[in-house]
2 protein chains.
Amino acid sequence: MISWSDVNIRIIIRILSFLVLIEGVFMWLALPFSFYYKSGDAFALFISGLITSGIGAIGLIILGKMRNDKMGKREAYIIVSLTWVIISLFGTLPFVIHGAIPSFTNAFFEVISGFTTTGASILPDIEAMPEGLLFWRSTTHWIGGMGIIVLTLAILPFLGIGGMQLFAAEVPGPTPDKLHPRITGTAKRLWGIYVLFTFVQTILLIFGGMSLFDALCHSFGTMATGGFSTQNASIANYSPYIQYVIIVFMFLAGVNFSLHYLMLHGKISKLIHNEEFRFYAFLTIIFAALITLILYLNTDISGEKAFRDSLFQVISIITTTGFVSSDYLLWPPIAWFLIFALMFSGGSAGSTGGGIKAIRHLMLFKASAAELKKLIHPRAVIMVRYNDHSVNKDYIFNILAFFLFYIMIFGFGSLVMASLGLDFETAIGATIASLGNIGPGIGGVGPVENYANIPTFGKWFLSFLMLLGRLELFTILVFLSPGFWKK
Amino acid sequence: MISWSDVNIRIIIRILSFLVLIEGVFMWLALPFSFYYKSGDAFALFISGLITSGIGAIGLIILGKMRNDKMGKREAYIIVSLTWVIISLFGTLPFVIHGAIPSFTNAFFEVISGFTTTGASILPDIEAMPEGLLFWRSTTHWIGGMGIIVLTLAILPFLGIGGMQLFAAEVPGPTPDKLHPRITGTAKRLWGIYVLFTFVQTILLIFGGMSLFDALCHSFGTMATGGFSTQNASIANYSPYIQYVIIVFMFLAGVNFSLHYLMLHGKISKLIHNEEFRFYAFLTIIFAALITLILYLNTDISGEKAFRDSLFQVISIITTTGFVSSDYLLWPPIAWFLIFALMFSGGSAGSTGGGIKAIRHLMLFKASAAELKKLIHPRAVIMVRYNDHSVNKDYIFNILAFFLFYIMIFGFGSLVMASLGLDFETAIGATIASLGNIGPGIGGVGPVENYANIPTFGKWFLSFLMLLGRLELFTILVFLSPGFWKK
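If you're wondering where the values come from, they're calculated on a predicted model, not measured in any experiment.

Enquirer: Explain the overall build of chain A residue by residue, including any values.
Expert: Helix and strand counts for chain A stand at 22 helices and two strands. In terms of C-alpha radius of gyration, chain A reaches 22 Å, essentially the compact-globule figure of 23 Å for 487 residues. With respect to the principal axes defined by its C-alpha atoms, chain A has extents near 65 × 60 × 50 Å. Here chain A, with 487 residues, has 64% of them falling under the buried criterion. Taking as baseline every contact in chain A between residues at least 6 positions apart, the subset at least 24 positions apart corresponds to 72%. Of the roughly 17700 Å² of accessible surface on chain A, 68% is carried by carbon and sulfur atoms. Once the 30 positive and 25 negative side-chain charges of chain A are each reduced to a mean point, those two points are 16 Å apart.

Here it is as structure tokens:
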């Protein structure tokens, strides 16, 4: 074991205190809606925010002024792993204090599902919840989508030293694009785009007849690829206009935000020539077209609705959002089977989406094809190329290891869920829907079901899978490795 | 496209002719049982053998005496790919001529299921089949288990030139051990052990009360890891003694035959220290122990029967044999879920078993663990080791590519089967049971079901998957690659 003197505990506690302080402030953002709707949850939200911010402030005061402390990889892994657990613990306060979710297990599940942008819910009747709490619930999505640490980097520039380590541990995707030489500059730009898109979507939803409250909640759920709705029927009962708006913004949320930044600066060709974007768009189009055809030929719904439902569910699942416009389990088996297959895809690296991600699939295809070519031409030198650069073997190895861990965790997770007595489809559905940060799965956790009936141990286990998935496995796996704690 | 002059067609046709000639002779081996049981299929078997051997002989006569022709990789891939299709086509003759399986699709499915040692059957009532045809059916297992080309290499030494290419294409496992400097010597030794074990098992089964006919058929099915039985209930109604004998020999059939050879020559330490063998034995013990516990705690069967049923099904599935002693789909869900997970394992390389194989899983674990270590110690040089040797990265890459293709084919195959209207469990069950050369799957193709009700296209598609699995993907994938046919 390492002794604690090897780790800079001061900086860990300081940063965690900062994040908790910020979280408390976010809770108060729900207060205006609580007052407006007289939903009776103002006290719970106020006191929760006070406790949360208070504990954060006390931590900061005790540890004194921020100095430019040394921060290594080890500290970064510890901070990021703990952050997500701690903000989820504090995040339960409004629900527990108000009593709307009396079970702590359920409250923790709901909140970590929010922060990890999973969107799996234990609420059987969402519309019965007070508006203030629902707004906080959607806010957890929005905070989690772009990442609370990235946010902190953006607004607290003095965190800049060592910030790259934190950034890499929270946004571990395989393409760490730098939008700015300084990490705080990058974080600022990413959050800027995120806020901009959320704002535009909110306006467009209000234009379609939504209240400001519903529009904000759904924009948070969309841009974070989260999936919490304020309606029991999710998006199914909204107008086609609103569904199309959400379709467009879900798709945008699944694109690498660095590409959005370049596009907003006029470099559209960067987007069009980006191989991951092309692959992501290709998958979306192919699956939506296939399912549209299947629905059109096998059911009696109109062509437009078949197209809209297919496109909505394909984008909702591929981006790991998890909004529902139609119960895909009622579709012909092959159609929902295609949806299930998409649960293993995920959006782009550098987007807010979870899952395995388009770039990893693309690199795996390329690596497999290269191996086949090598069998045909044993003496040829075959390189894997991406965006006109040849790709380092170590990079491919890392992606392969990620894929293997993902499949192993999926298999093992399904076994654990089945051992709790869940049937086959529910067990694998709940596992991939949690690990992939999707929300709805198949079987007993399908699009019109919820997670209320999962046994207690299962809820904690699925919460762990959500966290694993959100931090793209390695951060948590390293944190849990005995080797990490050795001197 | 290549012109045909680039390929040595003469040697391809010659070798195929040889193999077909040998196949016809094997058909006649069923005649004694046909006469003894007066089962009325002697004519069909005789005429089928005559046609098959006759066509083979004509091919040889037309092409004249065998010379030491040049044989490259290209010819080897073509020969091996075509061989398995052609012997399956001829293998249907007894069933079609007799009329016991009137549908050509069904007959082809049954025969390729035999040759690939899958053991998936379209026969709703096996006991109603004449004994001679059943014997031929089990013979296809036995020929396919060790490989008809390996057999030919063993008995026709003049094939030795270029034989290594053929051997590598038919036995493409990741450990091409050489038991003898000459490939024909290796082939002879492998078939020698195979014959010896089959003989010993037959004696032990007769000792347990089986007729010579049943004992031979079940020994063929065991040693080939095939799974065709002569009984509708498979192995369920046989005595515990017979079940234990089959357990032991299934386990042996799943071990690398090179290790058997070394063991028979007194080098037991080679077996005990072999990492793949240890991993294969470890998996078997862990899964059998877990399922025994689950059955013992959750059902009212005795401890011995829980142990026997668990061990039997675990070994039957891990080795991809597919014999059934108990309907695992009636077990508690977690127990058959574990069985389903085992469908992705497979026996050892160099055994007669199919599937992904123990060594590949072991190497994947090791590669993943190495990647995690690298994240913790970025500057350390981390090597993957196997049996005290450090492993080449290219070798790991090949295994990773195999795994990726396997998962892709499984996913795509399941989609194809679902598109035919099969339910979720049946679709994935039929796909993995065929691709893994197992036989029984889950859902509608579970252990007490059969493949009769799969739509015609599905039967052809599953036949293709069996072939892909038996030749471990790459031989067929290369054969189907456009690049392979380019100059």
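Enquirer: Summarise the nonpolar core; cite the residues concerned and give the values.
Expert: In terms of nonpolar packing, the biggest core is built from 342 residues, with Met-343 and Tyr-451 of chain A together with Met-343 and Tyr-451 of chain B touching the most fellow members. Ignoring any residue separated from it by four or fewer positions in sequence, one finds Met-343 of chain A in contact with Ile-317, Tyr-328, Ile-432, Ile-438, Pro-440, Gly-441 and Ile-442 of chain A.

Enquirer: Give a detailed account of helix H1 (residues 9-28) of chain B, specifying residues and quantitative values.
Expert: Along its 20 residues, H1 of chain B runs 29 Å from first to last C-alpha, staying within 8% of the 28 Å computed at 1.5 Å per residue. When you tally the buried positions in H1 of chain B, you get 14 out of 20 residues, the bulk of the element.

Enquirer: Just give me the short version of the relation of the copies chain B and chain A, but keep the residues and values in it.
Expert: With an RMSD of 0.0 Å, the operation that places chain B on chain A is a rotation of 180° combined with a shift of 0.0 Å along the axis. Here the copies are linked by what is in effect a two-fold axis. Among all residues of chain B, the minimum C-alpha distance to the rotation axis is found for Leu-400 of chain B, at 3.7 Å. Here 100% of the contact residues of chain B are again contact residues in chain A; the copies associate through an equivalent surface.

Enquirer: Describe helix H13 (residues 257-264) of chain A, listing the residues and the values that go with them.
Expert: Because each turn of an α-helix spans 3.6 residues, side chains separated by three or four positions in sequence point in the same direction. Residue and element names in this part refer to chain A. Within the span of H13, buried status applies to Phe-257, Ser-258, Leu-259, His-260 and Tyr-261. In this structure, the buried side of H13 is in contact with helix H7 (131-146), helix H10 (183-207), helix H11 (212-223), helix H12 (240-253), helix H14 (268-272) and helix H15 (275-298). Its side-chain oxygen 2.9 Å from the backbone nitrogen of Ser-258, Asn-256 forms the N-cap of H13. Residue Gly-266 follows H13 closely and has a positive phi angle near 85°.

Enquirer: How would you explain the interface of chain B and chain A if you had to name every residue and give the values?
Expert: Taken together, the contact between chain B and chain A spans 48 residues of the former and 48 residues of the latter. Together, Phe-337, Phe-397 and Phe-424 of chain B form the three largest contributors to the area buried by chain B at its contact with chain A, with a combined 18%. Summed over the shared surface of chain B and chain A, the result is four salt bridges. The partner of Lys-393 of chain A in a salt bridge is Asp-394 of chain B, with the nearest N and O atoms 2.9 Å apart. Seen at the junction of chain B and chain A, the total is four residue pairs in polar contact (both at pLDDT 80 or more). Among the elements that take part in the side of chain B that touches chain A, helix H19 (residues 393-419) of chain B stands out by supplying 16 residues, more than any other. Grouping the constituent residues of the side of chain B that touches chain A by class yields 35 nonpolar, seven polar and six charged.

Enquirer: For the side chain of Ser-121 of chain A, give the residues involved together with the corresponding values.
Expert: Residue and element names in this part refer to chain A. By secondary structure assignment, the location of Ser-121 is in the loop between helix H6 (104-115) and H7. A distance of 2.8 Å separates polar atoms of two side chains, one belonging to Ser-121 and the other to Glu-110. Apart from residues no more than four positions distant in its own chain, Ser-121 is found in contact with Phe-109, Glu-110, Arg-137, Phe-228, Asn-450, Tyr-451 and Ala-452.

Enquirer: So, unusual backbone geometry: which residues are in play, and what are the values?
Expert: Residues and elements named next belong to chain A. Phi is positive for Ser-234, which is not a glycine, with a value near 55°. Not every positive phi belongs to a glycine, and Asp-388 is a case in point at roughly 70°. If you trace the backbone, Asp-388 turns up in the loop between strand E1 (385-386) and strand E2 (389-390).

Enquirer: Describe the confidence of the model for chain A, with residues and values.
Expert: Chain-level pLDDT for chain A is 89 on average; 93% of the residues reach the 70-or-more range. The complex model carries a pTM of 0.91, and its ipTM stands at 0.88.

Enquirer: Got a sec to walk through the domain arrangement of chain A? Specific residues and values, please.
Expert: Residue and element names in this part refer to chain A. Domains assigned within chain A are domain 1 (4-192) and domain 2 (393-485). In total, about 2500 Å² of surface goes out of reach between domain 1 and domain 2, with carbon and sulfur atoms giving 70% of it. In terms of surface lost to domain 2, no three residues of domain 1 exceed Tyr-77, Phe-109 and Thr-118, which account for 22% of the buried area on that side. Across the contact surface, domain 1 and domain 2 share zero salt bridges. Sorting the residues of the side of domain 1 that touches domain 2 by element identifies helix H4 (73-91), H6, H7 and helix H9 (163-170) as the ones contributing at least two each. Classifying every residue of the side of domain 1 that touches domain 2 gives 20 nonpolar, 14 polar and two charged.

Enquirer: Could you give me a rundown of the packing of aromatic side chains, with the residues and numbers involved?
Expert: By convention here, two paired aromatic rings are described through the distance between centres and the angle between planes. All told, the structure shown has 74 aromatic pairs over all chains when counted by the stated rule. Relative to Phe-213 of chain A, the ring of Tyr-37 of chain A has its centre 5.3 Å away and its plane inclined at 65°; by these criteria the two rings are edge-to-face. One end of the pair, Tyr-37 of chain A, is in helix H2 (residues 31-37); the other, Phe-213 of chain A, is in helix H11, with 176 residues separating them in the sequence. These aromatic residues form a ring-pair network of at least three members: Trp-336, Phe-337, Phe-340, Phe-344, Phe-410 and Phe-424 of chain A together with Trp-336, Phe-337, Phe-340, Phe-344, Phe-410 and Phe-424 of chain B. In this structure, Arg-74 of chain B is placed above the aromatic ring of Phe-484 of chain B, and the distance from its NZ or CZ to the ring centre is 5.9 Å. Directly above the ring of Phe-228 of chain B sits Arg-137 of chain B, whose terminal nitrogen or CZ lies 3.8 Å from the centroid.

Cut-offs used in this document
Residues numbered from 1 in each chain as written. Chains lettered and ligands numbered in written order. Predicted model: local features only at pLDDT ≥ 70, side-chain atom pairs only at ≥ 80, totals over all residues. Heavy atoms only, no water. Helix = DSSP H or I, 4+ residues; strand = E, 2+ residues; numbered from the N terminus. Rg over C-alpha atoms; globule rule 2.2 N^0.38 Å. Buried < 20%, exposed > 50% of the residue type's maximum accessible area, 1.4 Å probe, protein only. Contact = heavy atoms within 4.5 Å. Areas by Shrake-Rupley, 256 points an atom, 1.4 Å probe, with all protein chains shown as cover. Lys, Arg positive; Asp, Glu negative; His and termini not counted. Charge placed at Lys NZ, Arg CZ, Asp CG, Glu CD. Core = buried A, V, L, I, M, F, W, Y, C linked by side-chain atoms within 4.5 Å. Expected span 1.5 Å × (residues − 1). Least-squares fit on C-alpha atoms with pLDDT ≥ 70 in both. Polar contact = N/O pair within 3.5 Å; in protein donor to acceptor, adjacent residues only side chain to side chain. Buried area = accessible area lost by both parts, 1.4 Å probe. Salt bridge = Lys/Arg side-chain N within 4 Å of Asp/Glu carboxyl O. Nonpolar A, V, L, I, M, F, W, Y, C, P; charged D, E, K, R; others polar. pLDDT = per-residue confidence, 0-100. Domains from an automatic or database assignment. Phe/Tyr/Trp six-rings, centres within 6.5 Å; stacked < 30°, edge-to-face > 60°. Lys NZ or Arg CZ within 6 Å of the ring centre and 35° of its normal.

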